[in-house]
Structure formats: C-alpha cells, structure tokens
Amino acid sequence: MGAGGVPNRTLVKVDGRSGDLPTSGAKPNSRYDLYVNGVKIQSRWFDKNGKVVRNRDFWHQDSHHNHEFPHDHNWIWINNSAIRIPENLSPDYINFN
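Description of the structure in this document.

### Some points on the nonpolar core
Then step 1. The biggest cluster of nonpolar side chains holds 10 residues, and these are V12, V14, L21, A26, Y32, L34, I41, F46, V52 and W75.
Then step 2. For this core, the secondary structure elements donating two or more residues are β1 (10–15), β2 (30–36) and β3 (39–46).
Then step 3. Among all residues touching V52, those that are not within four sequence positions of it are T23, R44, W45, F46, W75, W77 and A82.

### Notes on the packing of aromatic side chains
How two aromatic rings sit relative to each other is given by the distance of their centres and the angle of their planes.
Then step 1. Evaluation of the coordinates by the stated rule reveals two aromatic pairs.
Then step 2. Centre to centre, the rings of W45 and F96 are 5.5 Å apart; their planes meet at 75°, and the pair counts as edge-to-face. Remark: F96 occurs in the segment after β6 (81–84) and W45 occurs in strand β3; sequence separation between them is 51 residues. Note on accessibility: W45 and F96 belong to one class, buried.
Then step 3. Geometry around Y35 places K13 over its ring, the cationic atom sitting 4.7 Å from the centre.
Then step 4. Positioned above the aromatic ring of W77 is the side chain of K51, whose terminal nitrogen or guanidinium carbon lies 4.7 Å from the ring centre.

### Some details on the pairing of strand β4 (residues 52–57)
Across a regular strand the side chains alternate sides, sitting on one face of the sheet and then on the other.
Then step 1. For β4, a buried count of five out of six residues is recorded, marking the element as mostly surrounded by other parts of the structure.
Then step 2. Here β3 pairs with β4 via five bridges, running antiparallel. Directly across from Q42, in β4, lies its bridge partner D57.
Then step 3. Pairing between β4 and strand β5 (residues 71–78): four bridges, direction antiparallel.

### Quick look at the sheet that holds β2
Then step 1. Strands sit in the order β1-β2-β3-β4-β5-β6 across an open sheet of six strands; the sheet is mixed. Unpaired on one side and paired on the other, β1 and β6 mark the two borders of the sheet. Ignoring strand direction, the axes of neighbouring strands in this sheet form an average angle of 25°.

### Considerations on the environment of T23
Then step 1. In this fold, T23 is placed in the loop between β1 and β2.
Then step 2. Each C-alpha atom, one on T23 and one on W45, is 9.4 Å from the other, the two residues being 22 residues apart in sequence.
Then step 3. For T23, the residues in contact, after removing those within four places along its chain, are R44, F46, G50, K51, V52, W75, W77 and A82.

Each value, and the rule that gives it
- Residues numbered from 1 in each chain as written.
- Predicted model: local features only at pLDDT ≥ 70, side-chain atom pairs only at ≥ 80, totals over all residues.
- Heavy atoms only, no water.
- Core = buried A, V, L, I, M, F, W, Y, C linked by side-chain atoms within 4.5 Å.
- Buried < 20%, exposed > 50% of the residue type's maximum accessible area, 1.4 Å probe, protein only.
- Helix = DSSP H or I, 4+ residues; strand = E, 2+ residues; numbered from the N terminus.
- Contact = heavy atoms within 4.5 Å.
- Phe/Tyr/Trp six-rings, centres within 6.5 Å; stacked < 30°, edge-to-face > 60°.
- Lys NZ or Arg CZ within 6 Å of the ring centre and 35° of its normal.
- Pairing = 2+ DSSP bridges.
- Axes fitted to C-alpha atoms, helices over the stretch in contact; angles between N-to-C directions.

Written out as structure tokens, the structure is:
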C-alpha cells in the first residue's frame, strides 16, 4: 500500500544525490526511491495530490551515531509548505511499503 492505504501505482527511481527528491509535483499516490552511486538511501511517499507524506531514510550522515537505520519521518503541510517532522519513527511497512 502507498500513502494513505492507496496501492502504489507508480514507483520512480531517481539516481542523484541527497536532497534530489521533490516534496510536491510528484506522480499521485507514488513512491520515489533515491539512489546514490547505486545504493538506495531514501524512499518518499506522495499522496493523491502528489505531495510528500512520508520518508524512509536508509542512510544519511550520522556523525553523532544516534540514528537507527532505516527510520521514517512524517511530513505535514502548513500554508502550502512541506515541513518534515524531525522525530525518527519506526518504519511502517504495512502502510508504506
């Protein structure tokens, strides 16, 4: 299932670098996977309007060694701006697979 329990209709693979995934304008009810040098580092889920709702980080800089991987983050929208909630969440493999 994709965002909000909607089956993922589209999986988009992005080869790039950290920060290359959009927060809006994505294909509705999709998941984008970001690969850097052939390694998947992040997945991002989008709602029916193509706006980000959730991230899963598989790897990122962790100089304080205080992150567990993978971990998820929710996103909220305020005044048409995407805001990532900093709290690390356990991956939700049922609703975001």
